[in-house]
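Descriptive analysis of the structure
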Amino acid sequence: MPDIIGVGLDATDIHRIADAIERYGERFLKRVFTPGEIAYCTRHRVPAIHFAARFAAKEAAMKALGTGHSHGVLWRDIEVVRGGGPPHLQFHGGAARRFAEVGAKSSLLTITHSDALALAQVLLLGR
C-alpha cells in the first residue's frame, strides 16, 4: 500500500479565470498553462471552465508539494494531461525536482466543477 506523501485541495472561481483571460489574453494563458493545456481547453465550448479546472489542479499540486508558487515551482511546471482516460499530472522543472525530493512516486488527481467553481484534489503517493 503506498504512503500518502502530500495532499492538496483547491477551489477556483471560474469567473476569475474568465476575467483574467479576457483582460490579459494570451499573456495570461502562456504564463500559466502549457501549449497542450491551451489546445485542450480552447477546443471546448466554454474554455474558461476547463482553464479554471486546470488552474485549481496546479494550485492543489503546489499545496501537495508543500511549496505553493515558490521554491522554483512554476505554473507551467505542473501539467494536466488527458490520454483517453481520467486527467493526470505531469511534473516538469522545479515541480519535478520537488516531487522527487519529497519521495513521491506517483500522483492522483480529481477535478470537478459547477457553474461557478472548479475544484481539484491531488494526492502524492510514495512507496
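Everything that follows concerns the structure shown earlier in this document.
Conventions we followed
- Residues numbered from 1 in each chain as written.
- Predicted model: local features only at pLDDT ≥ 70, side-chain atom pairs only at ≥ 80, totals over all residues.
- Heavy atoms only, no water.
- Phe/Tyr/Trp six-rings, centres within 6.5 Å; stacked < 30°, edge-to-face > 60°.
- Buried < 20%, exposed > 50% of the residue type's maximum accessible area, 1.4 Å probe, protein only.
- Helix = DSSP H or I, 4+ residues; strand = E, 2+ residues; numbered from the N terminus.
- Contact = heavy atoms within 4.5 Å.
- Pairing = 2+ DSSP bridges.
- Axes fitted to C-alpha atoms, helices over the stretch in contact; angles between N-to-C directions.
- Core = buried A, V, L, I, M, F, W, Y, C linked by side-chain atoms within 4.5 Å.

1. A closer look at the packing of aromatic side chains
All chains considered together, the criterion is met by four aromatic pairs. Between Phe-28 and Phe-33 the ring centres are 6.1 Å apart and the planes differ by 80 degrees, which places this aromatic pair in the edge-to-face class. This pair shows no difference in class: Phe-28 is buried, exactly as Phe-33 is. Summarising the aromatic geometry, the rings of Phe-33 and Phe-51 are spaced 4.9 Å apart at their centres and angled 55 degrees between planes, so their arrangement reads as tilted.

2. So, the side chain of Lys-58
Along the chain, Lys-58 falls in helix H4 (residues 47-65). Here Lys-58 falls in the buried class, since its relative accessible area comes to 0%. Ignoring sequence-local partners within four residues, the contact set of Lys-58 consists of Val-32, Phe-33, Glu-37, Trp-75, Arg-76, Ile-78 and Glu-79.

3. Some points on the sheet that holds strand S4 (residues 106-113)
Strand order in the open sheet formed by three strands is S1-S5-S4, and the pairing between neighbours is antiparallel. Of all the strands in the sheet, the pair left with one neighbour each is strand S1 (4-13) and S4. Strand-to-strand twist across the sheet, computed as the mean angle between neighbouring axes with direction ignored, equals 10 degrees. Each of S1, S4 and strand S5 (117-125) is contacted by helix H1 (residues 14-24), which is oriented at about 70 degrees to S1, the strand it contacts most.

4. A word on the nonpolar core
Core analysis: the biggest nonpolar cluster contains 37 residues, and Phe-33, Leu-65, Ile-78, Leu-89, Phe-91, Val-122 and Leu-124 have the highest contact counts within it. At the level of secondary structure, the elements contributing two or more residues to this core comprise H1, helix H2 (26-32), helix H3 (35-42), H4, strand S2 (78-81), strand S3 (88-91), helix H5 (93-101) and S5. Considering every element that reaches this core, the biggest residue donor is H4, with 13 residues. Apart from residues no more than four positions distant in its own chain, Phe-91 is found in contact with Ala-61, Leu-65, Asp-77, Ile-78, Ala-96, Phe-99, Ser-107 and Leu-124.

Limitation: the analysis is restricted to geometry and does not speak to function.
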